[in-house]
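One letter stands for each residue in the lines below.
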Amino acid sequence: SKVRIYTLAKEVGVENHRMLEILDGLGVSYKSVSSTIEEDTVELIKQIVAEEGAQGAGSGAAAEASQASTSSASTSPANTSPAQPAADDVQAPTPGASAPAPTAAPAPEPRSSEMPAASSSAGAQGSPVSTPVKERQPGEVVQPSSMQPGNPQPGTPQPASDAPHRAPVVTIMGHVDHGKTSLLDYIRKTKVAAGEAGGITQHVGAFEAQTSKGRIVFIDTPGHEAFTTIRARGANVADIAIIVIAADDSLMPQTREAIAHAQAAKVPMIIAINKIDLAQADPDRVKTDLTQLNLVPEEYGGDLIVVPVSARSGEGVEDLLEYISLTAELEDLRADPKGEFSGVIIEGKVDKQAGVLATVMVQEGTLHIGDFLVVGEKYGKIKAMTDSAGGRIKSAGPSTPVQVLGFSEVPDSGEKVRSAKNEHAARELVEARASDRRDTENARVRSRLTLEEMMGPLGSVRTVNLILRADTQGSVEAIQGILARKESDDVKLNVMFAGIGSPSEADVLLASTAEATILCFSTTPAGGVKKMAEGKGVDIKSFRIIYELIDEVDRLIKGTTEPVF
Ligand code: GDP
């Protein structure tokens, strides 16, 4: 569907964001725009675009027109009547029509939601993305489904929708040697303006790429460990995850891990199939392998964007950047530069000359030299700021990584940052936090878990999060098969990740963010991993007999696992 929006925008000659506005105005959720979008909808869009052109683009009339059509679309999900030839009764709403236009208010079409499914099965037979459905019956109508409003991503703060758009923050993950670093290097080399320091860009944990579609911020430390370390401290910094998969190697253990981590964070993924310059590259195999994880590329009828690239020759990288921008537009990322500041530490280090340097990703508001930054129960005053290209700056708005001088101790990556206008306010914030912490610690000691806390609110579905590790693929599948039968109406078993071999540190991080239990069959954690799990309060349980593992799952399901002291 995203690819279709992209090609459609090109076809009718508007920018992606305008296409989204038009679709929105028509009450079409982008998720329902199947790869085989109805011709009538395309006609309608072309009319709107043509009308806008006639009236002068960007005039208020265009905006009103799309608003009027929003209201008529919301009155009835159908825009055209089944009784009439579709294209004829499609009229772009008259500019200036202020009230919802009930003129074309036909009976709703009950089978609407089934149509995209039918279309996508056509897509699955290998028809190219841009092929419209030909088998439409005469008189059959455009059925933009307004019944699936785009869901905002849970867990992310939703700023007021009139806040300005902000640049997307992108992270690159994938298996070792699949080309994450090379891809980042290529983008940095070609898309980052040479900094003040004569093009020598120091590593500050993130960089800003300038593309034809605007700014994109890349997190410079590839890998899901870095991504989940930040999440483990409660912050979500990446808006989009690029999963790099080498075309000659396809899905590998860390590819699956990276996908599980992006899914756990509910961050939209784009697949970059890398190394397509190699003779032995087999991008089709990668796509087929992805479908086995229930990730269906758009050209197979799903909604996963898959972009073939070569970090060596640069082929496809421009497309990748465009898809990132498109995904960002679909996510409708916004932040208010005038709002209250909040940010996240990307990384911190000690420089022999400068002292403590920390890279802050501004998420909301604007950071100024002289502001006081509060991290945890510490604060410091910003003495100097540099952007990711090494230039000195005085202020930084949303989605800007800035290196800040002024902390007295190195903050940890993932820590949340707030600001205060003066030292007094900073100290008050720190003191309030210290007292909050003492209160919760005391409360924890005093109170026992209530039944509700243990079991979840009555009548609700409880989810047991699990990470599964086993010695062979056969055991992984066998255990998953048994677990699938254990689910009931009130308990959902969510296997966040299942893999071969002993649990990794990344598993522990994932488990700690999701309060998951790690179950191992015929494999045990290495000492370091075990220690880390203890430190984070993550349970790792190892079994040699499958039924003992299943018994443990039963206990987790019943919520009767005895707390271990
Ligand atoms: P990472 O471990 O995922 O960061 O992978 P690297 O970026 O270090 O790349 C691993 C190896 O693959 C290096 O030798 C790269 O030169 C090579 N490589 C990366 N991208 C490409 C590509 O697009 N084509 C070819 N032929 N080799 C690549």
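Relevant structure appears above.
For the structure given in this document, a descriptive report is provided here. Since we're looking at a predicted model, the values are computed, not measured. (Residues numbered from 1 in each chain as written. Predicted model: local features only at pLDDT ≥ 70, side-chain atom pairs only at ≥ 80, totals over all residues. Heavy atoms only, no water.)

A separate point is the site of the ligand. Within the structure, the ligand sits among 15 residues, and D177, T181, S182, D277 and A311 are positioned closest to it. Side-chain polar atom of K275 to an oxygen atom of the ligand: 3.0 Å apart, as the coordinates give it. Within the side chain of R312, a nitrogen or oxygen atom sits 3.0 Å from an oxygen atom of the ligand. It is helix α7 (residues 180-191) that provides the largest number of residues to the shell around the ligand, a total of three residues. Looking at the shell around the ligand residue by residue, the classes come out as three nonpolar, seven polar and five charged. (Near = heavy atom within 4 Å. Polar contact = N/O pair within 3.5 Å; in protein donor to acceptor, adjacent residues only side chain to side chain. Helix = DSSP H or I, 4+ residues; strand = E, 2+ residues; numbered from the N terminus. Nonpolar A, V, L, I, M, F, W, Y, C, P; charged D, E, K, R; others polar.)

Before going further, it helps to examine the environment of S342. Here S342 lies in strand β7 (residues 342-351). For S342, a relative accessible area of 23% translates into the label partly exposed. As a C-alpha pair, S342 and R418 span 76 residues in sequence and 5.0 Å in three-dimensional space. Excluding residues within four positions of it along the chain, S342 makes contact with M361, V362, Q363, E364 and V417. (Buried < 20%, exposed > 50% of the residue type's maximum accessible area, 1.4 Å probe, protein only. Contact = heavy atoms within 4.5 Å.)

Once that is clear, we can look at the environment of H17. Relative to the assigned elements, H17 resides in helix α2 (residues 16-25). Residue classification places H17 among the partly exposed residues on the basis of a relative accessible area of 42%.

All right, on to the packing of helix α8 (residues 224-232) against helix α15 (residues 505-514) then. Look at α8 against α15: their axes get within 9 Å of each other, and the N-to-C directions meet at 30°. Our classification of the angle between α8 and α15 gives roughly parallel. For the pair α8 and α15, the sense of crossing is left-handed. Residues H224, E225, T228, T229, R231 and A232 of α8 touch α15, and the partners they reach there are A506, L509, L510, S512 and T513. (Axes fitted to C-alpha atoms, helices over the stretch in contact; angles between N-to-C directions. Parallel < 35°, antiparallel > 145°, perpendicular 65-115°, else oblique. Left-handed = near helix turned anticlockwise from the far one by under 90°.)

Below, the discussion takes up the sheet that holds β7. Read from one edge to the other, the open sheet built from eight strands follows the order β11-β10-β16-β7-β8-β15-β12-β13, with strand pairing classed as antiparallel. Looking along the sheet, the strands with just one partner apiece sit at the ends: β11 (378-381) and β13 (392-393). Across six bridges, strand β8 (residues 355-364) lies against strand β15 (residues 400-405) in antiparallel orientation. Looking across to β15, one finds that M361 is bridged to P401. (Pairing = 2+ DSSP bridges.)

In this structure, H175 sits in the loop between β1 (169-174) and α7. Side-chain polar atoms of H175 contact the backbone nitrogen of Q254, separated by 3.1 Å. Residues within four places of H175 in sequence aside, it is in contact with K180, V244, M252, P253, Q254 and T255.

What follows deals with the sheet that holds strand β17 (residues 462-470). Working definition: the strands of a sheet are paired by backbone hydrogen bonds and lie parallel or antiparallel to each other. Pairing is parallel in the open sheet, where four strands are placed in the order β18-β17-β19-β20. The strands lining the two open edges of the sheet, one partner per strand, are β18 (491-500) and β20 (540-543). Neighbour-to-neighbour, the strand axes of this sheet turn through a mean angle of 25°, independent of strand direction. Pairing geometry for β17 and strand β19 (residues 517-521), over five bridges, is parallel. By the bridge assignment, L466 is partnered in β19 with T517. The strands that helix α9 (residues 253-264) touches are β17 and β18; relative to β18, the one it contacts most, it runs at about 150°. Across the sheet, helix α14 (residues 473-484) lies against β17, β18 and β19, angled at about 175° from β18, the strand it touches most.

Another aspect to go through is the environment of T386. Its place among the elements puts T386 in strand β12 (residues 384-387). Taking the C-alpha atoms as reference points, T386 and T359, separated by 27 residues in sequence, lie 9.2 Å from one another.

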